[in-house]
Amino acid sequence: QKEVEQNSGPLSVPEGAIASLNCTYSDRVSQSFFWYRQYSGKSPELIMSIYSNGDKEDGRFTAQLNKASQYVSLLIRDSQPSDSATYLCAVSGNNRLAFGKGNQVVVIP
Amino acid sequence: GAGVSQSPSNKVTEKGKDVELRCDPISGHTALYWYRQSLGQGLEFLIYFQGNSAPDKSGLPSDRFSAERTGGSVSTLTIQRTQQEDSAVYLCASSFPDSYYGYTFGSGTRLTVV
């Protein structure tokens, strides 16, 4: 089993809609969880961190964590064309972050 | 510095040559990480430094790869006798004190081996 899995294929959403991204992880002792955004040809940029079960909101972004189910999600409300990017889920453990392969989001005007 | 600085931004090298990639982390960040990202692939961990020591080198793909960090600051990733499969974007990241709070990436070095 991979450390961090993001299984969904590319996600196309109309402008103004909600984009929902999911991630599962294998290490039960992981303590911190992150979502990074990566524009094409650029490096990853940290957009959300979450450390405890429940929801954490920051502007149009909401991260959700369920440690019992080993599940992290990201919601993007009122999606904008500038949200079109690849979103990487990352989980801490063994002195480093393990990353999922990412989900591409395309926001259609 | 204000951010993580990597140089060069692009490097084209001939197969069999050695290359050095440099990373200058955010001032005060004690932890430094190297990853690589091949086209369409995820981020592959290479090595982790805490200060000048490298407690985790488990991701280095072969003995052609080595890295060092001096003065608790600048790090150099060296690839000897480059191969075409080494072509990728090499990303450096730093954090304080460890990965718990996430880390900041540099803009990367795009390495092309021809």
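Structural notes, computed from the coordinates.

Reading the values: the criteria
Residues numbered from 1 in each chain as written. Chains lettered and ligands numbered in written order. Predicted model: local features only at pLDDT ≥ 70, side-chain atom pairs only at ≥ 80, totals over all residues. Heavy atoms only, no water. Phe/Tyr/Trp six-rings, centres within 6.5 Å; stacked < 30°, edge-to-face > 60°. Helix = DSSP H or I, 4+ residues; strand = E, 2+ residues; numbered from the N terminus. Buried < 20%, exposed > 50% of the residue type's maximum accessible area, 1.4 Å probe, protein only. Lys NZ or Arg CZ within 6 Å of the ring centre and 35° of its normal. Salt bridge = Lys/Arg side-chain N within 4 Å of Asp/Glu carboxyl O. Pairing = 2+ DSSP bridges.

### Remarks on the packing of aromatic side chains
Evaluation of the coordinates by the stated rule reveals 15 aromatic pairs over all chains. With a centroid separation of 6.1 Å and an interplanar angle of 65 degrees, the aromatic rings of Y35(B) and F105(B) are classed as edge-to-face. Placement of Y35(B) in strand β4 (residues 31–37) and of F105(B) in strand β10 (residues 104–105) is noted, with a sequence separation of 70 residues between them. For the pair formed by Y35(B) and F105(B), the shared burial category is buried. Through successive ring pairs, a cluster of aromatic residues spans Y36(A), F99(A), Y33(B), Y35(B), F45(B), Y48(B), Y103(B) and F105(B). The ring centre of F61(A) lies 5.7 Å from the NZ or CZ of R60(A), which sits over that ring. Taking NZ or CZ as reference, R96(A) lies 4.6 Å from the ring centre of F45(B), over its face.

### A short note on the pattern of salt bridges
Two side chains with opposite charge may pair up if their charged atoms get near one another. Scanning all chains against the criterion turns up seven salt bridges over all chains. A salt bridge links D56(B) to R96(A); the nearest nitrogen and oxygen atoms lie 3.9 Å apart. Residue D56(B) is found in strand β6 (residues 53–56), and its partner R96(A) is found in strand β10 (residues 96–99); the two belong to separate chains. Accessibility classification places D56(B) together with R96(A) in one group, the buried group. Notably, a salt bridge pairs E44(B) with R36(B), separated by 2.8 Å at the nearest N-O pair. Owing to a relative accessible area of 31%, E44(B) belongs among the partly exposed residues under this scheme. Residue classification places R36(B) among the buried residues on the basis of a relative accessible area of 11%.

### Thoughts on the pairing of β6(B)
Side-chain direction in a regular strand flips from residue to residue, so the side chains alternate between the two faces of the sheet. Residue and element names in this part refer to chain B. As paired strands, strand β5 (residues 43–50) and β6 are joined by two bridges and run antiparallel to one another. Bridge pairing in β6 links Q50 to S53. Two successive antiparallel strands, β5 and β6, enclose a turn made up of two residues, where G51 displays a positive phi of approximately 65 degrees.

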